[in-house]
Amino acid sequence: MTDGIARPVGQQAGRVRRATPGDTRAVLDFTRATWDGWDYVPSVWGEWLEAPDGVLLVALPAVTHELDLFGRPLSLDRPIGIARVAMLSAHEAWLEGLRVDPGARTRGVARLINAAGLEWARAQGATIVRYATGEANEGSHRIAARSGFRMLRPWRSWQPPRDEDVDEEDAEAHAAERGDVEADGDAPHDAAADLDQFADLADEPEGEVPEDVAARATGIELGPTERAEDEATPPPGDGSRDDEGSRATAGRPAQSPAASPAESRRRLRRVGLSLDPRSSLDEIDGWYARLTGDPTFRAGDGLCEARSWAFQELTRERFVAHVRAGEVLVTRSATDGRNETGARRKLDDRPTHDRWALVVMPLSTPRFAADRPWAAVAAGDGDALLRLAIATRDALVRPIRLRLPDAAPALAGFADDFTRAGFPPASETLHLFERALTEDAPIDTGPAGALTLEEAPRRVAAPYRDRE
Ligand SMILES: CC(C)(COP(=O)(O)OP(=O)(O)OC[C@H]1O[C@@H](n2cnc3c(N)ncnc32)[C@H](O)[C@@H]1OP(=O)(O)O)[C@@H](O)C(=O)NCCC(=O)NCCS
C-alpha cells in the first residue's frame, strides 16, 4: 500500500521473523507505555532475546512507504509487533508478550503474529498452546476466537488489595491485578544457577524432575537450630496455629521484607506446613490422587501456575518435584465447623479429620519482581484451605496471592470468610485460552500471501528441563 490509507482490519499483510538485538530500540519505543504509561516488556526484552526456552518474534510491514495511524511512514525494517512463545514443557507452549505498535493497530498485525507464534510453537513440538488475558481485553479475546482457542474457566485472584504505604509492590503488579494487563508468562530463569542446583537432585527416585522445580529443591534440609525449632513447633492440624492465623487476618497482615526462597522454605517447614520433601512415593501418590479427584482442581482443568502468570498441567512428575522442593503445603483437618467469626456452620457430613487442603507454593522468582508469593494450585475443603492460606501467609510474613478457578467448589459458602480473613476476590477475572496444535487443528494464517514467515519455523527452543 502506498497511499497511506489504512486497510480494513484483517486485510493487512505482514512479515514475521525472529527478533534480533537490532530490534531493541524500535520495540522499546512502542512497548514503553502500553498500560497507562507502563509495560514490563522493556524489563524482560534483553532476557527474552537470549532465552533458550522460547521463540521471540517480531512483525514487520509487508510493503514499503506505508503510513501508520499517525501518518508516519513505516519502514520495512522496523518492527511493529512482537510476540513470544515459551515452552513450559515438551508439549505445552505458552504465548506471551503480544504487543502491536499503537500506530499499527487494528490492521491485522496481532492476528498475523499470533498465527506465526502458533506455527513456531508447533515447530517446537507443542501439541497444546495456552495464554491468558484480562476479561476486558476485547482485542485479545477476538484473536482467540479467530484462531481456534477455547476459553477455559476464568480464574480469579484472592488477595489483599495493594496499598503502596504497606506493600512494596510496584505498578506492574497493580496493573496486572486490575485486569488491564495481560497475564502472560514468567521471567526467564538464571539457567546456570539453576542447573548447578539441579545436580543435587540427581539421586532422587524420580529422575525425571522438571528442572525449574528441581532447581529449587536445595536447601530443604534443616540445620540443627531449625531442627530444634521444628521439633518444638506443634504439628499441623492440632488447632494451635489457628490463633496465629486469626490474629493477622483482620485488616492488614503483618509483613516482613521478602525472604529468600530458601528462607521461605525453612519457615514453612518450621511451622509444619510442608509435606515432607523426603516423603515416600506412596505418600506423595496418595496426595496426588486426592488432588486430582478434587472438584476445585478439576474445575481448574488440572492446571497449575507453576511459573507465575503461566499455566500448565500439573502432572504427577511435576507434583513429585514440588514435594521434593518443599513446595507442597498440606493440612489434614482444620476446623470443627466454626467460621472466622466463631459461628458454627454446617459443613457437610464428613468428620472433621477428613477435611484437608493442599497448596502448591512455588518458591521461585515471580514474573514481577515485586509480586507476591503465589499459590500455583489451591485445592481441598474451603475451611481447611482458608486455614492453610492464613498459616502460610503468617509463616512467610507476607501477603500471598491465591488464584482459583471462578466458582471453585472449595469457595462455596466460604467466600465471605476468605474476604474477612484478608483474601478478598479481585473484581476482574483472568481468562485462560487453550487450543490444540495437532495436524487436525489447522492454523489460520489469513488470506493467501498475508503472512510471510521470513524463516521456516524449526525447533530452536528447549523446555527448561531438556537443557544440558
Ligand atoms: C490487543 C492488540 C495486540 C491487538 O493488536 P491489533 O494488531 O490491533 O489487532 P488486529 O488488528 O490483529 O485485530 C485482531 C482482532 O481484535 C480486534 N481488536 C483489536 N483491537 C481492539 C480493541 N482495542 N477493541 C476491540 N477489538 C479490538 C479486531 O477488531 C480484530 O477482531 P476481528 O478479527 O474479530 O475483526 C493491541 O491492541 C495491543 O498491543 N494492545 C496492548 C497489549 C495487549 O493488550 N496485548 C494482548 C495481551 S494478551
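Note that this is a predicted model, so its numbers are computed, not measured. Throughout this document, residue positions are counted from 1 along each chain, in the order its sequence is written. It should be noted that, the model being predicted, local features are given only for residues of pLDDT at least 70 and side-chain atom pairs only at 80 or more, the latter also being counted only at that level, while totals for whole chains, interfaces and linings use all residues.

**Considerations on the overall build of the chain**
Applied cut-off: A run of H or I in DSSP counts as a helix once it spans at least four residues, and a run of E counts as a strand once it spans at least two, with each numbered from the N terminus. Comment: burial labels come from other C-beta atoms within 10 Å of the residue's own C-beta, placed from the backbone, where a count of 20 or more is buried, 12 or fewer is exposed, and between is partly exposed. Contact between two residues is assigned when their C-beta atoms, built from the backbone, lie within 7 Å.
Secondary structure assignment for the chain yields 15 helices and 15 strands. In the chain, buried positions account for 47% of the 468 residues. Sequence separation of at least 24 residues holds for 79% of the intrachain contacts in the chain that already meet a minimum separation of 6.

**What to know about helix H14 (residues 382-396)**
Basically, it comes down to this: Here, expected helix span is obtained from the residue count minus one, scaled by 1.5 Å.
In this model, H14 (15 residues) spans 21 Å end to end at C-alpha, consistent with the 21 Å of a helix rising 1.5 Å per residue. Of all 15 residues that make up H14, 15 are buried, and the element is covered over most of its length. Just downstream of H14, Val397 is the residue with a positive phi angle, here 55 degrees.

**Describing the nonpolar core**
Cut-off, in case you're wondering: As used here, a nonpolar core is made of buried Ala, Val, Leu, Ile, Met, Phe, Trp, Tyr and Cys residues. They are joined through C-beta atoms within 7 Å. What counts as a domain boundary in this text is fixed by an automatic or database domain assignment.
Ranked by internal contacts, the top residues of the largest apolar core, which has 105 residues, are Leu57, Ala93, Ile113, Val359, Ala375, Val377 and Ala389. There are two domains that each give this core at least three residues, and those are domain 1 (14-150 + 436-466) and domain 2 (191-428). Ignoring any residue separated from it by four or fewer positions in sequence, one finds Ala93 in contact with Val85, Ala86, Met87, Ala121, Gln124, Ala126 and Val129.

**Focus on the sheet that holds strand S10 (residues 328-331)**
The strands that make up a sheet are held in pairs by hydrogen bonds between backbone atoms, and each pair lies either parallel or antiparallel. To keep things clear, this is the line we draw: At least two bridges found by DSSP between two strands are what make those strands a pair. Axes here refer to lines fitted to C-alpha atoms; in helices the fit is confined to the stretch in contact. Angles between the N-to-C directions go from 0 to 180 degrees.
Taken together, the three strands give an open sheet; going across it, the order is S10-S11-S12, and neighbouring strands pair in antiparallel fashion. The sheet is open, and its two borders are formed by S10 and strand S12 (377-380), each paired with just one other strand. Across this sheet, the average inter-strand angle for adjacent strands is 10 degrees, counted without regard to direction. As defined by bridge partners, strand S11 (residues 357-360) adjoins S12 across four bridges and the pair is classed as antiparallel. Note on S12: the bridge partner recorded for Val359 is Ala378. Across the sheet, H14 is in contact with S10, S11 and S12; its angle to S11 comes to roughly 45 degrees.

**So, the confidence of the model for the chain**
Using the following cut-off: A score between 0 and 100, pLDDT records how confident the predictor is in each residue.
Looking at the chain, the pLDDT average stands at 79 and 70% of residues meet or exceed 70. Per-element confidence in the chain ranges from a low mean pLDDT of 28 for helix H6 (residues 191-198) to a high of 98 for S12. Contacts from residues 165-209, a stretch scored under 50 in pLDDT, to residues over four places away or in other chains number 103 contacts. Low pLDDT, under 50, characterises residues 217-253; the predicted model gives this stretch 57 contacts beyond four residues in sequence or across chains.

**Here's the deal with the environment of Arg401**
Among the secondary structure elements, Arg401 is positioned in the loop between H14 and strand S13 (402-405). Excluding anything up to four places from it in sequence, Arg401 contacts Ser157, Gln159, Arg372, Trp374 and Ala375.

**Structural notes on the pairing of S13**
What you see with S13 is no split at all: Leu402 and Leu404 on one side and Arg403 and Pro405 on the other are buried throughout. In the sheet, strand S7 (residues 155-158) pairs with S13 via four bridges, with the strands oriented antiparallel. Along S13, the bridge assignment pairs Trp155 with Pro405.

**Observations regarding the packing of helix H1 (residues 24-31) against helix H2 (residues 41-50)**
The cut-off we apply is this: Here roughly perpendicular refers to angles of 65 to 115 degrees, roughly parallel to angles under 35, roughly antiparallel to angles over 145, and oblique to all remaining angles. Rotating anticlockwise by less than a right angle from the far helix to the near helix defines a left-handed crossing, while the corresponding clockwise rotation defines a right-handed one.
Across the interface, H1 lies against H2 with an axial gap of 10 Å and an inter-helix angle of 155 degrees. Our classification of the angle between H1 and H2 gives roughly antiparallel. Where H1 crosses over H2, the two elements pack in a sense that is right-handed. Residues Thr24, Val27, Leu28 and Thr31 of H1 pack against Val41, Pro42 and Trp45 of H2.

**Focus: the environment of Trp120**
Secondary-structure assignment places Trp120 in helix H3 (residues 109-123). Using a count of 27 C-beta atoms within 10 Å as the deciding quantity, one classes Trp120 as buried. Excluding anything up to four places from it in sequence, Trp120 contacts Val55, Leu57, Val85 and Pro457.

**Section: the pairing of strand S14 (residues 430-436)**
Sheet topology note: the strand S5 (residues 128-134)/S14 ladder contains seven bridges and is antiparallel. Residue pairing in the sheet places Thr133 in a bridge with His431 of S14. Bridge count for strand S6 (residues 150-151) against S14 is two bridges, and the pairing is antiparallel. Bridge pairing in S14 places Met151 opposite Phe433.

**With respect to helix H10 (residues 261-270)**
Burial analysis of H10 places seven of its ten residues in the buried class, the great majority of the element. Within H10, the full set of buried residues consists of Pro261, Ser264, Arg265, Arg266, Arg267, Leu268 and Arg269. One or two steps after H10, the chain reaches Gly272, where phi turns positive at roughly 80 degrees.

**Focus on unusual backbone geometry**
Across the chain, the bulk of peptide bonds are trans and the bulk of non-glycine residues have phi less than zero. Its identity is not glycine, yet Asp301 carries a phi of approximately 60 degrees, on the positive side. Along the chain, Asp301 falls in the loop between helix H12 (295-299) and strand S8 (303-307). Residue classification places Asp301 among the partly exposed residues on the basis of 15 C-beta atoms within 10 Å. Phi angles above zero are rare outside glycine, and Val397 is one such case at about 55 degrees.

**Observations concerning the packing of H10 against H14**
Contact geometry for H10 and H14: axes closest at 9 Å, N-to-C directions at 130 degrees. Taken together, H10 and H14 sit at an angle that is classed as oblique. The crossing of H10 and H14 is right-handed. Each of Ser264, Arg267 and Leu268 in H10 lies in contact with H14, whose residues at this interface are Thr392, Ala395 and Leu396.

**Structural notes on the environment of Leu404**
By secondary structure assignment, the location of Leu404 is in strand S13. On the neighbour-count criterion, Leu404 (26 C-beta atoms within 10 Å) is buried. In this view, Leu404 contacts Trp155, Arg156, Trp158, Thr296, Ala378, Ala410 and Leu411; residues no more than four positions away in its chain are not counted.

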